[in-house]
Amino acid sequence: MFAVISTGGKQYRVSEGQRLRVERLSAEVGDELRFDAMLIGGDEGSETRIGTAAAPVGQVRATVCDHGRAKKIEVIKFKRRKDYRRTLGHRQLFTMLEIGGIEPSAKAGAAPAPSTKGKVKKAAARKTPAKKKAAAKAPENKASEES
């Protein structure tokens, strides 16, 4: 069984027993977390259930295994012949999770992914723009005709 969860502004495809690195969460090592915002869920080769953050299709249980910092990213700014050098470094904080189980909700099990059969929208007919009218010519001066 697989699921797509959303945490830290990112979405992750997870399955049972998988270890996953996510943005730092405020939980102690050993705590069990539940992700309600299960966006997609299902078994391999069967119907997939689709939900939203407001109406999830199940829950995912995860255990916090570890907290840490990722490898250092170095940012170097350099302009030649100008005596300009800047070096910055950053180590992103992360939380290591182990996915314990995926539990589909009872309501979501009955509603499979919406199909698009028979629900084809017709394209709106395009209107052709009206042609612009030619500007009326100004009458010529009679003075130029008389001379």
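Residue positions within a chain follow its written sequence, with the count starting from 1. The predicted origin of the model limits local features to residues at a pLDDT of at least 70 and limits the giving and counting of side-chain atom pairs to 80 or more, whereas totals for whole chains, interfaces and linings rest on all residues. As a rule here, side-chain values come from all non-hydrogen atoms in the structure, and water together with hydrogens is ignored.

Caption draft 1: Looking closely at the pairing of strand 8 (residues 73-79). Relative accessibility decides the category of a residue: with a 1.4 Å probe and only protein chains considered, values under 20% of the type maximum give buried, values over 50% give exposed, and everything between is partly exposed. A run of DSSP states H or I qualifies as a helix once it reaches four residues; a run of E qualifies as a strand once it reaches two. Both are numbered from the N-terminal end. Burial analysis of strand 8 places just zero of its seven residues in the buried class, which makes it a mostly uncovered element. In this sheet, strand 9 (residues 84-90) lies alongside strand 8 in antiparallel orientation, the contact comprising seven bridges. Across the sheet, Ile 73 pairs through a bridge with His 90, a residue of strand 9. Here strand 8 hands over to strand 9 after four residues, with Arg 81 in that stretch at a positive phi of 60°. When DSSP locates at least two bridges between a pair of strands, those strands are taken to pair.

Caption draft 2: A look at the nonpolar core. Counting residues in hydrophobic clusters, the biggest one holds 17 residues, and the most contacted among them are Val 14, Phe 35, Val 60 and Leu 97. Of all elements in the fold, only strand 1 (2-7), strand 2 (10-15), strand 3 (19-23), strand 4 (32-35), strand 7 (58-69) and strand 10 (93-104) reach the threshold of two or more residues within this core. With residues up to four places along the chain from it excluded, the contact list for Phe 35 reads Ile 5, Thr 7, Leu 25, Gly 58, Gln 59, Val 60, Ala 62 and Leu 97. Nine residue types can take part in a nonpolar core, namely buried Ala, Val, Leu, Ile, Met, Phe, Trp, Tyr and Cys, and a core is a set of them joined through side-chain atoms within 4.5 Å. We call two residues contacting when some pair of their heavy atoms lies within 4.5 Å.

Caption draft 3: Main features of unusual backbone geometry. Here Arg 81, not a glycine, exhibits a phi torsion of approximately 60°, which is positive. Structurally, Arg 81 is set in the loop between strand 8 and strand 9. Phi is positive for Asp 83, close to 55°, though the residue is something other than glycine. Here Asp 83 is to be found in the loop between strand 8 and strand 9.

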